[in-house]
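Coordinate inspection notes
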Amino acid sequence: MTRADWLLIVVVAGCLPLLYARFWQPAGPANWLEVQAGDGPARVIALSPDRQLDITGPLGDSRIEISGGKARFLSSPCRNKTCIHAGWLDHTGELAACLPNRISIQLLGRHPRFDAMNF
Amino acid sequence: MLRGIVSALLVACLLSGCGRPDEPVFRDRFYALGTLIDLSLYGANPEQQLEASEALALTFNTMHTDWHAWEAGRLAQTNTLLAGGRPFRPEADILALLQAANRLSLQSGGLFNPTIGKLIDLWGFHADEITVLTPPDPTAIQELLALAPSAADVVLEDGQLVSRNPAVQYDLGAFAKGYAIDRGIELLQSLGIAHAIINAGGDLRAIGRHGDRPWRIGIRHPRQAGVLASVELSEDESIFTSGDYERFFEASGQRYHHIIDPRTGYPAGQTVSVTVMHRDAATADAAATALFVAGPDEWTEVARRMGIRYVMLIDRDGVVHMNPAMQSRVRFETDTPEVRLSKPLS
């Protein structure tokens, strides 16, 4: 082994953690909740402290609950309650929407696992 | 020698990720086609972002109005003309839309049937919010089935369209979203955008990449909260899922969903969801519906006829049916379910 070989081993070993961090990012926790009513601008709010928000849409108020870093539709004036049945959002990138009341919520964080959800 | 090695390693590190580039993903959302449209752009400059957002929303809103299945619009006018049974000259964009739907319907053996609008209406699914509480009268279903509307009833003669079956009524609910996404991607590409996702209520087409990696897509679990599986898309690919959880009502403890089997007149009963990956979104959209109707026993045959190469079907017992090519691309994010592999599709 030459000095160059040893140096090569040291440099490659040193780069491994950096490459790991770059390519193997686990989903980071969600930090914020993006709330959008209609086609208006989105509001980005912190996921703490725990609280409830009333967001007004064309049918009335949808109530959003934030608790323990998660968020969900707690109530909504739509008929089918699909938004409420979506349950808690707890991963970065997850989204729920009340289409009739035109309100959507999505969890945001630094390292979303996915760029989009298919369903 | 030593200097050369060190320089090469430093360059390799910089190129492969020791440096963290900015990840400028621009997102915008709007409502159209009865759902939430989500646009993601990677690497577009601010002018492109603004132009793409505005142009896409305008295009989708126009298509929403034109192609609506039960509100007044150009599709409704076309349905009226077809029901009259007399030849008429359709506008080029409507003709292209209907011809694309007809071609896919014929490929699917009629399992994707865009002409059963009357049946969909009878079930009460021609509404933004489902208000029906009971299934339709079986006699009414049988009467509509006996009329047997199909894409083959609509023919083009000397540039004029005519229906040979007055029961034909187009409902493009299983196709328009995909066709619209394709038009949207063409629009983005015409604006010089190379890396984007258009996601219409969970069905999407992606072009390009997210920087130095492919776009990553999570497939939501059809029966519980969270993600069932994930895939990475190639540089121009769509992923569509049809499920029994999207639009439905429940009566006497039974779920009646919106994917109607054109052969029986009732919601297809063997499938919970079907996920299809294909280059163009219109084909993926129609195929997801056709394969849902085909169910666990017939899906491979229909997929072959439609030229589909990647399918994941979940049956009502929770068993995952896949072809080997799909299995090689899917990564389960939960406990791996029971998987039944089909023979290769191609």
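As shown above, the structure is provided for reference.
Residues numbered from 1 in each chain as written. Chains lettered and ligands numbered in written order. Predicted model: local features only at pLDDT ≥ 70, side-chain atom pairs only at ≥ 80, totals over all residues. Heavy atoms only, no water.

When helices and strands are counted, chain B shows nine helices and 16 strands. Relative to the compact-globule value of 20 Å for 346 residues, chain B shows a C-alpha radius of gyration of 22 Å, a close match. Expressed along its principal axes, the backbone C-alpha trace of chain B runs to roughly 85 × 45 × 35 Å. Here chain B holds 346 residues, and the buried ones make up 55% of them. Summarising the internal contacts of chain B: among those between residues at least 6 apart in sequence, 60% fall at separations of at least 24. Here chain B has roughly 15000 Å² of accessible surface; of this, 51% comes from carbon and sulfur atoms. Here chain B contributes 30 positive and 42 negative side-chain charges, whose respective centroids are spaced 6 Å apart. (Helix = DSSP H or I, 4+ residues; strand = E, 2+ residues; numbered from the N terminus. Rg over C-alpha atoms; globule rule 2.2 N^0.38 Å. Buried < 20%, exposed > 50% of the residue type's maximum accessible area, 1.4 Å probe, protein only. Contact = heavy atoms within 4.5 Å. Areas by Shrake-Rupley, 256 points an atom, 1.4 Å probe, with all protein chains shown as cover. Lys, Arg positive; Asp, Glu negative; His and termini not counted. Charge placed at Lys NZ, Arg CZ, Asp CG, Glu CD.)

Applying the stated criterion across every chain, the model contains nine aromatic pairs over all chains. Among the aromatic residues, those joined into a cluster by ring pairs are Trp123(B), Phe125(B), Phe249(B), Tyr256(B) and Tyr266(B). Its end group placed over the ring of Tyr179(B), Arg183(B) keeps NZ or CZ at 4.4 Å from the ring centre. Its guanidinium or amino end placed over the ring of Phe119(A), Arg220(B) lies 4.1 Å from that ring's centre, counting from NZ or CZ. (Phe/Tyr/Trp six-rings, centres within 6.5 Å; stacked < 30°, edge-to-face > 60°. Lys NZ or Arg CZ within 6 Å of the ring centre and 35° of its normal.)

Take the pairing of strand β13 (residues 310–315) of chain B next. Residue and element names in this part refer to chain B. Buried residues dominate β13, accounting for six of its six residues. Neither face of β13 is open: one carries Tyr310, Met312 and Ile314, the other Val311, Leu313 and Asp315, and all of them are buried. Both strand β12 (residues 271–278) and β13 contribute to a ladder of six bridges, which runs antiparallel. Pairing of valine 276 across the sheet is with valine 311, part of β13. Bridge count for β13 against strand β14 (residues 320–322) is three bridges, and the pairing is antiparallel. Along β14, the bridge assignment pairs isoleucine 314 with valine 320. (Pairing = 2+ DSSP bridges.)

So, on to the pattern of salt bridges. All names here are of chain B. The tally for this structure, following the rule as stated, stands at 26 salt bridges over all chains. Arginine 205 is the partner of aspartate 236 in a salt bridge, and the nearest nitrogen-oxygen pair spans 2.9 Å. Here aspartate 236, found in strand β9 (residues 236–243), pairs with arginine 205, found in strand β6 (residues 203–207); they are 31 residues apart in sequence, far enough to count as distant. A single salt-bridge network, built from bridges that share partners, covers Asp66, Arg74, Glu91 and Asp93. (Salt bridge = Lys/Arg side-chain N within 4 Å of Asp/Glu carboxyl O.)

Before going further, it helps to examine unusual backbone geometry. Residue and element names in this part refer to chain A. A cis amide bond links serine 48 with the next residue in sequence, proline 49, at an omega value of 5 degrees. Positive phi outside glycine occurs at lysine 81, with the angle close to 60 degrees. Within the secondary structure, lysine 81 sits in the loop between β5 (70–75) and α2 (82–85). Classification of lysine 81 as partly exposed rests on a relative accessible area of 29%.

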